[in-house]
Amino acid sequence: MIFDRPSSIELLKAVNHFLDDKIKSEVPAHLAFKLRIVENVLNIVIREIELGQELSEDVTKDLKELIELDAANIDDLASLIKAEKINIEDESLKNLLVKLSKNKIAVDNPNYSTFKKLVE
Amino acid sequence: MTEDLGNILKEKLANTSIEGEIVNLEPLTGGASKEIWKFEVNANGKSDRYILRRGSGVEGPLAIKTSDEAKIQKTVRKLGAQVPEIVAVSSLDEELGDAYIMKFVHGESIARKILRDEEYKNTLPKLAFECGQSIAKIHQADINEFPFLPSKTVFEQINDLYQTYVSFNQPSPVFEYTHLWLKKQNFGEINDALVHGDFRLGNIIVGKDGLKSVIDWELAHIGNPLQDLGWICGNSWRFGNTNKVVGGFGDLADLLKGYNSVSNYHVDENMVKAWQVFGTFRWGVICLIQASAHLTGSINSVEKAAIGRRVSETEIDIVDLLFLGGK
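Draft legend 1. Seen up close, the overall build of chain B. Across its full length, chain B carries 11 helices and nine strands. What you see for chain B is a C-alpha radius of gyration of 20 Å, in line with the 20 Å of a compact globule of 327 residues. Considered along the principal axes of its C-alpha atoms, chain B spans approximately 60 × 45 × 40 Å. Out of the 327 residues belonging to chain B, those deemed buried represent 49%. Of all intrachain contacts in chain B linking residues separated by at least 6 positions in sequence, the fraction that spans at least 24 positions is 67%.

Draft legend 2. Seen up close, helix α11 (residues 311-323) of chain B. For α11 of chain B, spanning 13 residues, the distance from its first C-alpha to its last is 18 Å, which sits close to the expected 18 Å at 1.5 Å a residue. Those residues of α11 of chain B that sit buried are Val311, Ser312, Glu313, Thr314, Glu315, Ile316, Asp317, Ile318, Val319, Asp320 and Leu321 of chain B. On its buried face, α11 of chain B sits against α4 (91-108) and α5 (113-119) of chain A together with α6 (173-183) and α9 (273-295) of chain B. Two residues or fewer after α11 of chain B comes Gly325 of chain B, characterised by a positive phi angle close to 75 degrees.

Draft legend 3. Looking closely at the confidence of the model for chain B. Model confidence for chain B is summarised by a mean pLDDT of 94, while 98% of its residues fall at 70 or above. Reported confidences for the modelled complex are a pTM of 0.93 and an ipTM of 0.96.

Draft legend 4. The interface of chain A and chain B, seen in detail. Opposite the 34 residues of chain A that make contact, chain B presents 28 residues. For the side of chain A that touches chain B, a count of residues per class yields 18 nonpolar, seven polar and nine charged.

Draft legend 5. A look at the nonpolar core. All names here are of chain B. Residues Cys131, Ala220, Leu229, Ile232, Val246, Leu255 and Phe281 are the most contacted members of the largest nonpolar core, which totals 88 residues. Counting residues per element, this core draws most heavily on α9, which supplies 12 residues. One finds Leu9, Phe39, Val41 and Ile101 within the second-largest nonpolar core, a separate group that totals 14 residues.

Draft legend 6. Summary view of helix α2 (residues 29-67) of chain A. Of all the bends found along α2 of chain A, the most pronounced is centred on Leu51 of chain A and spans about 60 degrees. Where α2 of chain A terminates, the next one or two residues include Glu68 of chain A, which has phi positive at roughly 45 degrees.

Draft legend 7. Structural view of the sheet that holds strand β3 (residues 46-54) of chain B. All names here are of chain B. Here we have five strands laid out as an open sheet, ordered β1-β2-β3-β5-β4, and antiparallel in their pairing. Each of the sheet's edge strands pairs with one partner strand only, and the pair in question is β1 (21-28) and β4 (86-90). Each strand of the sheet is rotated relative to its neighbour by a mean of 20 degrees, with strand direction disregarded. Two strands pair when backbone bridges link them, and β3 and strand β5 (residues 99-103) are joined in this way by five bridges, in the antiparallel orientation. If you follow Leu52 over to β5, its bridge partner there is Ile101. Across the sheet, helix α2 (residues 66-78) is in contact with β3, β4 and β5; its angle to β4 comes to roughly 150 degrees.

Draft legend 8. Representation of the packing of α4 of chain A against α11 of chain B within the structure. Running from amino to carboxyl end, α4 of chain A crosses α11 of chain B at an angle of 145 degrees, the nearest separation of the two axes being 9 Å. Crossing of α4 of chain A against α11 of chain B: the hand is left-handed. Contacts between α4 of chain A and α11 of chain B involve Lys94, Leu97, Val98, Ser101, Lys102, Lys104, Ile105 and Asp108 of chain A from the former and Ser312, Glu313, Glu315, Ile316, Val319 and Phe323 of chain B from the latter. Among the residues making up the contact of α4 of chain A with α11 of chain B, the classes are represented as six nonpolar, two polar and six charged.

Draft legend 9. Highlighting the packing of α2 of chain A against α4 of chain A. Residues and elements named next belong to chain A. Where α2 meets α4, the closest approach of the two axes is 8 Å, and the angle between their N-to-C directions is 170 degrees. The pairing of α2 with α4 is recorded here as roughly antiparallel in orientation. The residues of α4 that touch α2, namely those facing Ile44, Arg47, Glu48, Leu51, Gly52, Leu55, Asp58, Val59, Asp62, Leu63 and Leu66, are Ser92, Leu93, Leu96, Lys99, Leu100, Asn103, Ala106, Val107 and Asp108. Here the contact of α2 with α4 is built from residues that sort into 11 nonpolar, three polar and six charged.

Draft legend 10. Quick look at unusual backbone geometry. Omega for the peptide link from Arg5 of chain A to Pro6 of chain A comes to 0 degrees, which places this bond in the cis form. Positionally, Pro6 of chain A belongs in the segment before α1 (8-23). Phi is positive for Asn24 of chain B, which is not a glycine, with a value near 50 degrees. When the 12 C-beta atoms within 10 Å are taken as the criterion, Asn24 of chain B is described as exposed.

Draft legend 11. Layout of the pairing of β5 of chain B. All names here are of chain B. Counting buried positions along β5 gives four out of five residues, so the element sits mostly inside the fold. The pairing of β4 with β5 spans four bridges and is classified as antiparallel. Bridging from a neighbouring strand, Ala88 pairs with Ile101 of β5.

Draft legend 12. Geometry of the domain arrangement of chain B. All names here are of chain B. Per the domain assignment, the segments of chain B are domain 1 (2-103) and domain 2 (111-323). Centre-to-centre separation of domain 1 and domain 2, based on C-alpha positions: 25 Å. Each partner contributes to the interface: domain 1 provides 20 residues, whereas domain 2 provides 26 residues. For the side of domain 1 that touches domain 2, a count of residues per class yields 11 nonpolar, six polar and three charged.

So, how was this worked out
Residues numbered from 1 in each chain as written. Chains lettered and ligands numbered in written order. Predicted model: local features only at pLDDT ≥ 70, side-chain atom pairs only at ≥ 80, totals over all residues. Helix = DSSP H or I, 4+ residues; strand = E, 2+ residues; numbered from the N terminus. Rg over C-alpha atoms; globule rule 2.2 N^0.38 Å. Buried ≥ 20, exposed ≤ 12 C-beta atoms within 10 Å, placed from the backbone. Contact = placed C-beta atoms within 7 Å. Expected span 1.5 Å × (residues − 1). pLDDT = per-residue confidence, 0-100. Nonpolar A, V, L, I, M, F, W, Y, C, P; charged D, E, K, R; others polar. Core = buried A, V, L, I, M, F, W, Y, C linked by C-beta atoms within 7 Å. Bend = angle between axes of the 7 residues up to and from the residue. Pairing = 2+ DSSP bridges. Axes fitted to C-alpha atoms, helices over the stretch in contact; angles between N-to-C directions. Left-handed = near helix turned anticlockwise from the far one by under 90°. Parallel < 35°, antiparallel > 145°, perpendicular 65-115°, else oblique. Domains from an automatic or database assignment.

Set out below in structure tokens:
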């Protein structure tokens, strides 16, 4: 990357800090609720930049093993399940669906109860 | 804008002989799809509190008209179900738009407050039983009273949800798997009933002494009533209290005890799981619908954009229920 610091993550964190520190106390209740959503959105983006590539590759590696196709992606897996061209009782398919779901929620909402329960 | 709305409300209420000065008109944090306002009417030194619920006139694929919600509430209220008293209904062609005005009900609807505040500590242990009773009362309504409501079998609903998901062109292996699984389930042979469609914390008003009122009827329809029991048991509506299966506050046995104490049809615990998976899939598709309103540019809303990233919550809940022994 040719860009100077702050990095994209550092910039987003600065924005989040500003919203939390200076704006939250200034807005009425119905906007404070929306502000919390805005902060959550920024946190999703931060986590996706930080972890997204690794979490995606982790799934893709298993996916390629499962469907033995080098260019396989998530859309292909969805199509195979839809057409029942893959054994839906297969344990490695179930394991992959679990990993896919865990890796997505790890970015979208790592505080989500089911994720916390499953990683504990 | 608030001043205009105040005048419109004043005029509308005058037709129902509620006259007075409209004060303290304020927007409330409501659902993502409707405007909710609270206000007071001052007359003769007395002040009465009301709530305005107002749709945009453009419903999502699963939602009914706001004015039709009012019709349902009026009907079930006569049967003894706990719903707010409707004082005025407005149709889309009126100035107020597709909306209704109801009497304010004392209590709390915000899930996290009900689950955490000291005030409701004694209410929570009996709330699952009361919800079961309340749901059963709704299911006793005569479906012939609601010719305006859509009527769908569960398999028609599964197909509709699936086609909606497909239309967004965002393939999900978990949803494809869920769709195959759901098509093979037995959802129970039971007569069609009025289904609330979104009975959970957030859409009920709870007081210190128990359940006060059932609100937010926009997903009401005619169909298999067990849907309401599975829905409130979805992890999406436990607000973090994942070990309390019913709404984050209660146990399934208590919900069903309450339900079976009113209903003529006896529901067993093992009938609920397929409906839990169905409900979780349904909420996932609703998240897709909400996000698409933003993505297609019909509404620019960070709230709706954010909800697109909640689809993954439903995916992890489904794999937990199907493969990992989740309850």
